[in-house]
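Structural description and commentary
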Amino acid sequence: EVQLVESGGGLVQPGGSLRLSCVVSGISVRSDDMHWVRQGEGKSLEWVSGIGTAGDTYYLGSVRGRFTLSRENAKNSVYLQMNNLRAGDTAVYYCARGPLMGTIDYWGQGTLVTVSS
Amino acid sequence: SYDLTQPPSVSVFVGQTASISCSGDKLGDQYVSWFQKKPGQSPVLVMFQDSRRPSGIPVRFSGSNSGNTATLTISGTQAMDAADYYCQAWDSNTGVFGTGTKVTVL
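Along each chain, numbering runs from 1 in the same order as the chain's sequence is written. Throughout, the order in which chains and ligands are written sets their labels, letters from A for the former and numbers from 1 for the latter. Where totals are concerned, whole chains, interfaces and linings use all residues; where local detail is concerned, this predicted model gives features only for residues with pLDDT of at least 70, and gives and counts side-chain atom pairs only at 80 or more. The side-chain quantities take in all heavy atoms of the structure and omit both hydrogens and water.

1. Overview of the pattern of salt bridges
All names here are of chain A. Note the threshold: Note on definitions: salt bridges are taken to be side-chain nitrogens of Lys or Arg within 4 Å of carboxyl oxygens of Asp or Glu. Under the DSSP-based scheme used, a helix requires at least four consecutive residues in state H or I and a strand at least two consecutive residues in state E, with every element numbered from the N terminus. We call a residue buried when its accessible area falls under 20% of the maximum for its residue type, exposed when it is over 50%, and partly exposed in between, using a 1.4 Å probe and counting protein chains only.
Overall, the coordinates contain 6 salt bridges over all chains when judged by the stated rule. Here Arg97 makes a salt bridge to Asp32, at a shortest N to O gap of 2.9 Å. One end of the pair, Arg97, is in strand β9 (residues 91-97); the other, Asp32, is in the loop between β3 (18-25) and β4 (34-39), and 65 residues separate them in sequence. Each member of the pair, Arg97 together with Asp32, is buried. In this structure, the salt-bridge partner of Glu46 is Arg38, at a minimum N-O distance of 2.8 Å. Look at Arg38 and you get buried, because its relative accessible area is 5%. What you see here is one network of salt bridges that share partners, running through Arg38, Glu46, Arg66 and Asp89.

2. Focus on the interface of chain B and chain A
The following threshold applies: Every residue pair with non-hydrogen atoms within 4.5 Å of one another is taken to be in contact. Buried area, as used here, totals the accessible surface that two parts lose on assembly, with accessibility defined by a 1.4 Å probe and the loss added over both.
Facing 20 residues of chain B, the contacting portion of chain A comprises 21 residues. Summed over both sides, the interface between chain B and chain A buries roughly 1,600 Å², with carbon and sulfur atoms accounting for 62% of that surface. On the chain B side of the interface with chain A, the three residues burying the most area are B:Trp90, B:Asn93 and B:Phe97, jointly 40% of the side's total. Summed over the shared surface of chain B and chain A, the number is 0 salt bridges.

3. Considerations on the sheet that holds β3(A)
Residues and elements named next belong to chain A. Heads up, the rule is: Here a strand pair is declared whenever DSSP counts at least two bridges between the two strands. In this description, a line fitted to the C-alpha atoms serves as the axis of each element, helices being fitted only across the stretch in contact, and the angle between N-to-C directions of two axes falls anywhere from 0 to 180 degrees.
Read across the open sheet, the 4 strands follow the order β1-β3-β8-β7; overall the sheet is antiparallel. Unpaired on one side and paired on the other, β1 (3-7) and β7 (67-72) mark the two borders of the sheet. When the angles between neighbouring strand axes are averaged without regard to direction, this sheet yields 15°. Note that β7 and strand β8 (residues 77-82) share 6 bridges and pair antiparallel. Residue pairing for β8: Arg71 is matched across the bridge by Val78.

4. Quick word on the environment of B:Phe13
Residue and element names in this part refer to chain B. Counting through the fold element by element, Phe13 comes out in the loop between β1 (9-12) and β2 (18-23). You can call Phe13 exposed: its relative accessible area is 54%. Expressed as a C-alpha distance, the spacing of Phe13 and Val105, which sit 92 residues apart in the sequence, is 5.5 Å. When sequence neighbours within four positions are dropped, the list of residues in contact with Phe13 reads Thr77 and Leu106.

5. Let's talk about the side chain of B:Asp81
Residues and elements named next belong to chain B. The criterion, for reference: In protein, a polar contact requires one atom able to donate a hydrogen and another able to accept it; more generally it is a pair of N or O atoms within 3.5 Å, and residues adjacent in sequence count only if both atoms are side-chain atoms.
By the secondary structure assignment, Asp81 is in the loop between β6 (69-74) and β7 (83-91). For Asp81, a relative accessible area of 2% translates into the label buried. Reaching out from Asp81, the side chain makes a polar contact with the backbone nitrogen of Gln78 at a distance of 2.8 Å. Setting aside anything within four residues of it in sequence, one finds Asp81 in contact with Gln36, Arg60, Phe61, Ile74, Val103 and Val105.

6. Observations regarding the sheet that holds strand β5 (residues 61-66) of chain B
All names here are of chain B. The 3 strands lie next to each other as β2-β6-β5, forming an open sheet whose pairing is antiparallel. Edge positions in the sheet fall to β2 and β5, since each of these pairs with one other strand and no more. Sheet twist, expressed as the average angle between the axes of neighbouring strands with direction ignored, equals 15°. Bridge count for β2 against β6 is 6 bridges, and the pairing is antiparallel. Residue pairing across strands places Ser19 opposite Thr73, the latter belonging to β6.

7. Let's talk about unusual backbone geometry
Residue and element names in this part refer to chain A. A positive phi angle, near 50°, is found at Asn84, a position not held by glycine. When its relative accessible area of 42% is taken as the criterion, Asn84 is described as partly exposed. If you check the backbone angles, Met101 has positive phi at about 65° while not being a glycine. Its location among the elements puts Met101 in the loop between β9 and β10 (106-107). Note on Met101: relative accessible area 46%, which makes it partly exposed.

The structure is reproduced here in structure tokens:
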């Protein structure tokens, strides 16, 4: 059974940082592309970032330079380091699996990030 | 940037057919996925590669994609199909989701 479990969300002040983690079981982050997708309250789903098996990373324009996606094969995990957070980054963040340019098929349960003073 | 536009809402009576459109420039040149999203739940893949149903998705769900428009169709809509639906495609290794459509089952 494939499971993706996110953690690391919480309340942070504008300008602050958070690191989201996604621990994966049933598949290997070494051989699968992984993504982070978010949804703000009352808003659409929004793709945030993706990482390929070669370590290539891609970002939504509004987070490029502030967010960094990485992978740790030994822990079968991916991480999203989020710096200089803004109110507009407030959302539930989902970890997901699927090939870049392909089908995103497995999703985690999400972790809530709230950016507020 | 690449945009995918969906109607904000679609209403359908139980047992009738609901069609949800997704419009984007030359969308028919690539594969489209569709996700069902209910409050408090993770998105669920209901259609991939335009018209393929994942295991466990009822046959009443079907899809098509041509020109600038992809369409998700729910035939014989059930009350359990009430949800938000999002199309999804790619723009040079960057994912793009549609604006979302709220399906109300009457």
